[in-house]
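Structural characterization, general
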Amino acid sequence: MSRHFIFATVLLLAASCSHNNQTWEDVKTAGRYMQRGIDSMVGKDYESRMLASGEEFYGPYDDDFIPLKDSDLQNFYLADSAVPQPKGIPGQFGIPSLDGFYAAPTGLQALFRSVHFDTDEHVLRDRGEISGLIQLASHLKKNPNLYLLIEGHTDERASASYNMALGMRRANFVRTFLVKNGADLNRIYTVSRGKEQPLVQGHSLEDWKVNRRSEFRIYQK
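Residues numbered from 1 in each chain as written. Predicted model: local features only at pLDDT ≥ 70, side-chain atom pairs only at ≥ 80, totals over all residues. Heavy atoms only, no water.

1. Overview of the pattern of salt bridges
Enumeration according to the criterion identifies six salt bridges in this entry. Of the charged contacts in the structure, one is a salt bridge between E151 and R193, with a shortest N-O distance of 3.0 Å. Highlighted residues: E151 in strand β2 (residues 146-153) and R193 in strand β3 (residues 188-194), separated in sequence by 42 residues. In this structure E151 comes out as buried when scored by relative accessible area, which is 5%. Note on R193: relative accessible area 21%, which makes it partly exposed. As a salt-bridge pair, D184 and R187 come within 3.4 Å of each other at their nearest N and O atoms. By sharing partners, the salt bridges in this structure join D155, R157 and R212 into a single network. (Salt bridge = Lys/Arg side-chain N within 4 Å of Asp/Glu carboxyl O. Helix = DSSP H or I, 4+ residues; strand = E, 2+ residues; numbered from the N terminus. Buried < 20%, exposed > 50% of the residue type's maximum accessible area, 1.4 Å probe, protein only.)

What follows is the structure, encoded as structure tokens:
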């Protein structure tokens, strides 16, 4: 049966039933299904199935972005959802204000090294940095008197308000990732610095890449 004959049949049915809106909708639906049948015969593929879970909305992953284990990968994507804020805020319960947090000492700087983000993104993509965060979460679990401040930074492009929001999303993503990997949510605080504190003052792609980061400061009781 030719394609033209099928469409002519559909049009004829439509003309004879044009006075009935519901019938016309049924005819259009039938036409769409017939079109799919024709397309499938010539090689076009339509996939129609129920999704078993929210994870199936994600497409295939690039190998460069996959963490070390399946469980790490699951926590990596779960980290994009929020976890509760700490019960206390800096300046209470013996915890200093944000200004009282400081850079990690020399022996721990590798563990507390900055992580970096792609343009306009708040999700980490670097496999090595993801692995480093897993190690950091383990360190926080072993040191219950250690408190962490995560600062979210951006490059210089876009407005100050946009970058303040983006910086906060970056900091909160890292915090949630650490919590999903076992760190105590009540000992991790976040703040956005937006584009106000660049590490480098240049305007090149490499300069912007360095500045798109989350940094860590600590306080040890």
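2. Notes on the environment of G202
If you trace the backbone, G202 turns up in the loop between β3 and α6 (205-211). Using a relative accessible area of 25% as the deciding quantity, one classes G202 as partly exposed. Taking C-alpha positions, G202 is 9.5 Å from E156, a pair spaced 46 residues apart along the chain. Not counting chain neighbours up to four residues away, the residues in contact with G202 comprise E156, D207 and W208. (Contact = heavy atoms within 4.5 Å.)

3. Notes on the nonpolar core
Of all hydrophobic cores here, the largest spans 26 residues; its most connected members are L133, L148 and L178. Looking at this core, the elements with two or more residues in it are α4 (127-142), β2, α5 (160-180) and β4 (213-220). Other than its neighbours up to four places away in sequence, L133 contacts V115, L124, V174, F177, L178 and F216. One finds I95, Y147, L149 and V191 within the second-largest nonpolar core, a separate group that totals seven residues. (Core = buried A, V, L, I, M, F, W, Y, C linked by side-chain atoms within 4.5 Å.)

4. Observations concerning α4
Look at α4: 23 Å from first C-alpha to last across 16 residues, which is about the 22 Å you get at 1.5 Å a residue. Residues of α4 that are buried: E129, I130, S131, G132, L133, I134, L136, A137, H139 and L140. You can read the cap of α4 off the contacts: a side-chain oxygen lies 3.0 Å from the backbone nitrogen of G128, and it is on D126. (Expected span 1.5 Å × (residues − 1). Polar contact = N/O pair within 3.5 Å; in protein donor to acceptor, adjacent residues only side chain to side chain.)

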